Amino acid sequence: MSQYDPESRTWSGPRQPPIFNPAASVGQVIVNILERTPDNIFEISADTEVSYTRGELRSRMIRAALNLSSKFGLVKGDMVCMVADNSPCVTPVLFGCFLVGAPVHTLDASFEESDLVHLMGITRPKLVLCNAHNVKRVESSLKIASLEARIILLNDPSTEVLFAPVDNEASYRPPFLGDSDKIVALIVCSSGTTSFPKAICLTHAQLIAPYPRVSNLLGETALSFSSLYWISAVQMLMTVLFNGGTRITTTKPFSPEYACELINKYRVMHVFTPPSMLADMLHYCEARQLRLPSLRIVGCGGSPLPETLRTRANALLAPQGRVFVGYGMSEVGAIVSVDLLGIANSAGLLMANVSARIANEEGKLLGPHEEGEIQLRYVHPFAGYYGNERETRALLTSDGFIQSGDIGYMDARGFLFVTDRKKEMLRYRGYQIAPAQLEGILAEHPAVLQATVVGLPDPEPPHVDLATALVVTQSGTEVTEDQILSFVNGKVPDYKRLRGGVFFVDSIPRTANGKASRRECRKLAQKLAGLRD
């Protein structure tokens with residue numbers, strides 16, 4: 001259980017030393033793990049059916065490290081940018097960079113030029129790894145950003161130079177790189193659902209410490225469509241690595257049909273999905289009376305999960321599996337909490353070595369059941385936003401807690417409840433409206449498949465936010481705007497009504513990870529309402 005200290009008004013997860021030493025370099029730990037079960041399958045490409053054992057991954061990551069150093073001049077501290085689809089060559093190159101001590105900035109292969117210019121402009125890589133389908137975009141982005149970086153194509157015959165045998169590979173010993181709480185291994189980005197993302201530094205210690213369950217006996221098969229741009233995909237990769245599992249990769253985009261095909265084909269036991277993708281899969285399975293008998297764990301996070309959606313998912317997965325809701329923040333570098341008990345609307349209990357507290361807008365710390373901003377601290381501290389000291393300082397309190405920007409509370413038993421994003425809260429005549437609450441109510445309507453609520457400006461003074469819904473309906477159903485308005489407005493106080501109306505759309509604009517992009521949703525709502533951007 002989460003322990004509460006009434007004097008400091010702080011909750012803490014259990015104090016638990018990690019299985020592997022976080023003072024080591026992450027490359028040392030990875031090589032050690034892979035040596036233990038060299039014949040076990042680590043990764044299967046669903047695109048090609050090619051599989052790689054743990055011994056093969058160990059050999060390929062060592063070769064990548066040696067070849068990157070000797071043929072491309074990569075040294076400790078050089079920045080590498082990876083703009084690539086999920087494929088079997090991504091993992092050994094990533095791990096090879098860890099061995100060299102070259103931090104890797106992971107970006108999604110679907111990113112447009114504006115995103116690449118912004119993000120590569122922050123980290124200014126020496127080497128960029130990308131795919132044939134996006135190389136022109138990468139080249140153009142580097143030129144616009146005035147960057148000179150060498151490009152390597154992945155999933156291309158030229159990639160094999162990275163995995164060519166090296167004379168001294170058999171005697172290779174992973175180096176210790178220095179203070180693992182300060183040396184950056186990976187750079188991921190904030191979600192960017194409301195604005196351009198920032199580059200978040202993750203240290204070697206943060207890639208080692210957060211995994212309390214380590215076993216080479218479990219043999220879990222895991223699937224994640226997210227690229228390593230997302231910390232959830234990084235955490236899935238490390239969980240599979242540490243627990244002797246097998247990772248299914250594909251370069252194809254998510255669709256509910258394809259996801260269900262892969263789950264049943266490879267008898268996938270563990271998936272991670274945002275609520276939007278879970279809703280798509282549920283609708284697909286329910287319409288076809290399809291079961292997913294191999295699934296044991298469906299991790300869900302990234303945005304609030306409506307309780308009705310969780311109930312439907314658990315019914316589909318019963319009796320062998322169920323949905324586990326988690327809450328995390330990339331800046332923390334670890335999963336903050338997980339709901340293992342199925343407490344309605346809860347993000348669960350705090351994980352090991354995580355502390356949390358709740359503060360109001362004036363910074364006053366609050367007690368149980370009092371709602372405010374969630375502040376977090378992990379035993380391995382936040383390493384900062386790359387190249388942005390001002391934003392780094394702004395994120396932290398004077399005593400080192402991360403100001404999450406999420407609104408929530410802790411109950412008397414130590415369960416965390418996340419109610420909304422601070423920046424996404426709408427304001428109507430002095431009241432605050434949580435979009436997630438309205439989205440949860442919309443999800444209860446039998447005709448609604450997906451919904452996102454944004455604020456449109458009232459053209460009349462004082463120009464307050466008008467809660468507005470974008471709705472995707474279930475196929476084969478008919479529903480009117482008035483019916484949706486009546487359903488929602490009858491369940492909320494007057495100030496929370498959908499005063500901006502309801503717009504029916506074919507799909508909700510999403511980020512590459514499947515989250516609703518608030519920024520793009522707002523633009524779409526403004527367009528449909530006839531307002532200027």
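For the structure itself, look to the data block above.
Everything numeric in this text was worked out from a predicted model, so none of it was measured.

Novice: Is there a simple way to explain the environment of Val-336 in this structure?
Specialist: For Val-336, the position within the fold is in strand 16 (residues 334-339). Given the relative accessible area of 0%, Val-336 is considered buried. Setting aside chain neighbours within four positions, we find Val-336 in contact with Tyr-327, Gly-328, Met-329, Leu-349, Leu-350, Met-351, Val-354 and Leu-376.

Novice: When you look at the sheet that holds strand 25 (residues 448-457) in this model, what are you seeing that I'm missing?
Specialist: Sheets are built from strands that pair by backbone hydrogen bonding, the pairs being arranged parallel or antiparallel. Read across the sheet, three strands follow the order 25-26-27 without closing on themselves; strand pairing throughout is mixed. Two strands bound the open sheet, and with one partner strand each, they are strand 25 and strand 27 (501-504). Strand after strand, the sheet turns through a mean of 25 degrees between neighbouring axes, direction not considered. Lying on the sheet, helix 12 (residues 435-443) is in contact with strand 25 and strand 26 (465-473); it crosses strand 25 at an angle near 145 degrees.

Novice: Could you clarify how one ought to interpret the environment of Ala-145 in this entry?
Specialist: Take Ala-145: it is sitting in the loop between helix 5 (135-144) and strand 8 (150-153). A C-alpha to C-alpha distance of 36 Å links Ala-145 and Ser-59, two positions 86 residues apart in sequence. Leave out the neighbours within four places in its chain, and Ala-145 touches Val-117 and Arg-124.

Novice: So what exactly am I meant to see when it comes to the packing of aromatic side chains here?
Specialist: Each aromatic ring pair is specified by the distance between its two centres and by the angle formed by the two planes. On inspection of all chains with the given rule, the structure shows 10 aromatic pairs. The interplanar angle of 5 degrees and the centroid separation of 4.9 Å between the aromatic rings of Tyr-409 and Phe-417 together place this pair among those described as stacked. When its relative accessible area of 22% is taken as the criterion, Tyr-409 is described as partly exposed. Judged by relative accessible area, which is 9%, Phe-417 ranks as buried. Aromatic rings pair up to connect Phe-20, Tyr-211 and Phe-242 into one cluster. Positioned above the aromatic ring of Phe-163, the side-chain terminus of Arg-60 is 4.0 Å from the ring centre.

Novice: Looking at this structure, I do not really get the packing of helix 9 (residues 275-288) against helix 10 (residues 307-317). What am I missing?
Specialist: Relative placement of two packed helices is described by the angle separating their axes and the distance separating the axes. Closest axis-to-axis distance for the helix 9/helix 10 pair is 10 Å, and the angle between their directions is 50 degrees. With respect to their mutual orientation, helix 9 and helix 10 come out oblique. Of the two possible hands of crossing, helix 9 and helix 10 adopt the one that is left-handed. Contacts from Pro-275, Leu-278, Ala-279, Leu-282, His-283, Cys-285 and Glu-286 in helix 9 reach Leu-309, Arg-312, Ala-313 and Leu-316 in helix 10. Of the residues belonging to the contact of helix 9 with helix 10, the class tally is eight nonpolar, one polar and two charged.

About the criteria used
- Residues numbered from 1 in each chain as written.
- Predicted model: local features only at pLDDT ≥ 70, side-chain atom pairs only at ≥ 80, totals over all residues.
- Heavy atoms only, no water.
- Helix = DSSP H or I, 4+ residues; strand = E, 2+ residues; numbered from the N terminus.
- Buried < 20%, exposed > 50% of the residue type's maximum accessible area, 1.4 Å probe, protein only.
- Contact = heavy atoms within 4.5 Å.
- Pairing = 2+ DSSP bridges.
- Axes fitted to C-alpha atoms, helices over the stretch in contact; angles between N-to-C directions.
- Phe/Tyr/Trp six-rings, centres within 6.5 Å; stacked < 30°, edge-to-face > 60°.
- Lys NZ or Arg CZ within 6 Å of the ring centre and 35° of its normal.
- Parallel < 35°, antiparallel > 145°, perpendicular 65-115°, else oblique.
- Left-handed = near helix turned anticlockwise from the far one by under 90°.
- Nonpolar A, V, L, I, M, F, W, Y, C, P; charged D, E, K, R; others polar.

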